[in-house]
Amino acid sequence: MTDKAAAEKNGGVVIIVPAYNEAEYIGNMLEPCIEAKRQGIVRDVVVVNDGSTDSTERVAREAGAKVVSFKRNKGKGQAFLLGVK
C-alpha cells in the first residue's frame, strides 16, 4: 500500500504544529510537511500560532499551512487542543 493510499484509508493525516515565536525556523520546518500535503500523503498542515509576537503567523501562511492563532500565549497543550478542533 502506498503512503497516499494509507493516508486515504485512515481519513487523512493532519499535521498540527504548535508554534510560539518561531518565525525564523518555521518556514524551513514546514517545507517537508507542505510537500507531503502536495503529494497527498497528508490531508492538511495546521499551525497554531500561540500568541507569537514575531511574524510566525505570516511565515507559516506563506509556507502554505493553515494558521489559527491565539491572541495571547496559552501553552503547547492548549495550542495542540485547538489544532485538533
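I will try to describe carefully the structure that is included in this document. (Residues numbered from 1 in each chain as written. Predicted model: local features only at pLDDT ≥ 70, side-chain atom pairs only at ≥ 80, totals over all residues. Heavy atoms only, no water.)

## Overview of the overall build of the protein chain
Step number 1: Assigned secondary structure in the protein chain consists of four helices and three strands.
Step number 2: Reading the secondary structure of the protein chain in the N-to-C direction produces α-β-α-β-α-β-α.
Step number 3: Per-residue burial for the protein chain yields a buried fraction of 34% across its 85 residues.
Step number 4: A fraction of 58% describes how many contacts in the protein chain between residues 6 or more apart in sequence connect residues 24 or more apart.
Step number 5: For the protein chain, the exposed surface amounts to about 5,500 Å²; the carbon and sulfur share of it is 51%. (Helix = DSSP H or I, 4+ residues; strand = E, 2+ residues; numbered from the N terminus. Buried < 20%, exposed > 50% of the residue type's maximum accessible area, 1.4 Å probe, protein only. Contact = heavy atoms within 4.5 Å. Areas by Shrake-Rupley, 256 points an atom, 1.4 Å probe, with all protein chains shown as cover.)

## A few points about the sheet that holds strand S3 (residues 66-70)
Step number 1: Across the sheet, which stays open at both edges, the three strands sit in the order S1-S2-S3 with parallel pairing between neighbours. In this open sheet, the two edge strands, each paired with only one partner strand, are strand S1 (14-19) and S3. Across the sheet, the axes of successive neighbouring strands diverge by a mean angle of 20°, strand direction being ignored.
Step number 2: In this sheet, strand S2 (residues 44-50) lies alongside S1 in parallel orientation, the contact comprising six bridges. Looking at S2, one finds that Ala19 is bridged to Asn49.
Step number 3: The strands touched by helix H2 (residues 23-38) within the sheet are S1 and S2, with S2 carrying the most contacts at an inclination of about 155°.
Step number 4: Sitting on the sheet, helix H3 (residues 56-63) touches S1, S2 and S3, and the angle it makes with S3 is about 165°. (Pairing = 2+ DSSP bridges. Axes fitted to C-alpha atoms, helices over the stretch in contact; angles between N-to-C directions.)

## Quick look at H2
Each α-helix winds once per 3.6 residues, and so residues spaced three or four apart point in a common direction.
Step number 1: Across its 16 residues, H2 extends 22 Å between first and last C-alpha, which sits within 8% of the 22 Å expected from 1.5 Å per residue.
Step number 2: The sharpest bend along H2 reaches about 35° and sits at Glu31, with the proline Pro32 one to four residues further on.
Step number 3: By the burial criterion, the buried members of H2 are Ala23, Ile26, Gly27, Leu30, Cys33, Ile34 and Ala36.
Step number 4: Looking at the packing, one finds that the buried side of H2 touches S1, S2 and H3.
Step number 5: Phi turns positive, to about 85°, at Gly40, one or two residues after H2. (Expected span 1.5 Å × (residues − 1). Bend = angle between axes of the 7 residues up to and from the residue.)

## Points about the environment of Val59
Step number 1: Locating Val59 in the fold gives a position in helix H3.
Step number 2: Considered as a pair, Val59 and Glu22 are 37 residues apart in the sequence and their alpha carbons are 9.0 Å apart.
Step number 3: When neighbours within four sequence positions are excluded, Val59 is seen to be in contact with Ala23, Ile26 and Gly27.

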